[in-house]
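One letter stands for each residue in the lines below.
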Amino acid sequence: MGYKITIENNELSHTMANHDSSKKRIRQTATRRLRNRYYAKTARNAVRNLRKMTDKAAAEARYREVSAMLDRLAAKKTISKNKAANLKSKLAKQIAKLAA
């Protein structure tokens, strides 16, 4: 899947880039990829924790927070808007089934 990029002392290693602009683009992409991975993983954990909840009132309160998180990730294109919508729909159905 391409070259592994490591940034050490502001120097790129193992890149084929020859131009400063392309080296900068590689640095930006690496930073964005790490940030996107962090927020996507955080969202997955939030969804997982919400699915484990058994108290309906607490789950509804947490659902609003998770729903907003998924919407923000979809707006920033970290995840697709359809994935966010599908997750929110499935979570809403699961919360509706919980006993009060």
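Please refer to the structure placed before this passage.
Rules used throughout
- Residues numbered from 1 in each chain as written.
- Predicted model: local features only at pLDDT ≥ 70, side-chain atom pairs only at ≥ 80, totals over all residues.
- Heavy atoms only, no water.
- Salt bridge = Lys/Arg side-chain N within 4 Å of Asp/Glu carboxyl O.
- Helix = DSSP H or I, 4+ residues; strand = E, 2+ residues; numbered from the N terminus.
- Buried < 20%, exposed > 50% of the residue type's maximum accessible area, 1.4 Å probe, protein only.
- Axes fitted to C-alpha atoms, helices over the stretch in contact; angles between N-to-C directions.
- Parallel < 35°, antiparallel > 145°, perpendicular 65-115°, else oblique.
- Left-handed = near helix turned anticlockwise from the far one by under 90°.
- Contact = heavy atoms within 4.5 Å.
- Nonpolar A, V, L, I, M, F, W, Y, C, P; charged D, E, K, R; others polar.
- Polar contact = N/O pair within 3.5 Å; in protein donor to acceptor, adjacent residues only side chain to side chain.

*Asks:* Lay out the pattern of salt bridges with the relevant residues and their values.
*Replies:* Two side chains carrying opposite charge are able to pair once their charged atoms lie near each other. Counted by the stated rule, this structure contains two salt bridges. Measuring nitrogen to oxygen at the nearest pair gives 2.5 Å for the salt bridge that ties glutamate 65 to arginine 62. With glutamate 65 and arginine 62 both in helix α2 (residues 56-75) and three residues apart, this pair spans about one turn of that helix. What makes glutamate 65 partly exposed here is its relative accessible area of 45%. Overall, the relative accessible area of 27% leaves arginine 62 in the partly exposed class. Here lysine 88 makes a salt bridge to aspartate 71, at a shortest N to O gap of 2.8 Å. Remark: aspartate 71 occurs in helix α2 and lysine 88 occurs in helix α3 (residues 81-97); sequence separation between them is 17 residues. You can call lysine 88 buried: its relative accessible area is 19%.

*Asks:* So, the packing of helix α1 (residues 20-52) against α3: which residues are in play, and what are the values?
*Replies:* For the pair α1 and α3, interaxial distance at closest approach is 10 Å and the crossing angle is 15 degrees. One way to sum up the angle between α1 and α3 is to call them roughly parallel. The way α1 lies across α3 gives a crossing that is left-handed. Facing Val47, Leu50 and Arg51 of α1, the residues of α3 in contact are Leu87, Leu91, Gln94 and Ile95. Broken down by class, the residue content of the contact of α1 with α3 amounts to five nonpolar, one polar and one charged.

*Asks:* A description of the side chain of lysine 88 should follow, citing residues and the corresponding values.
*Replies:* Within the structure, the side chain of lysine 88 is placed 2.8 Å from the side chain of aspartate 71, a separation counted as a polar contact. When sequence neighbours within four positions are dropped, the list of residues in contact with lysine 88 reads Tyr63, Ser67, Leu70 and Asp71.

*Asks:* So what's going on with unusual backbone geometry? Residues and values would help.
*Replies:* For lysine 77, which is not glycine, the phi torsion reads 65 degrees and is therefore positive. The topology assignment puts lysine 77 in the loop between α2 and α3.

*Asks:* Which residues make up the packing of α2 against α3, and what values do they have?
*Replies:* Helix packing for two helices is described by the angle between their axes and how far apart those axes are. For the pair α2 and α3, the least separation of the axes is 9 Å and the interaxial angle reads 175 degrees. When the axis of α2 is compared with that of α3, the two are roughly antiparallel. Residues Lys56, Ala59, Glu60, Tyr63, Val66, Ser67, Leu70, Asp71 and Ala74 of α2 pack against Lys81, Ala84, Leu87, Lys88, Leu91, Ala92, Ile95 and Ala96 of α3. In terms of residue class, the contact of α2 with α3 is built from 11 nonpolar, one polar and five charged.

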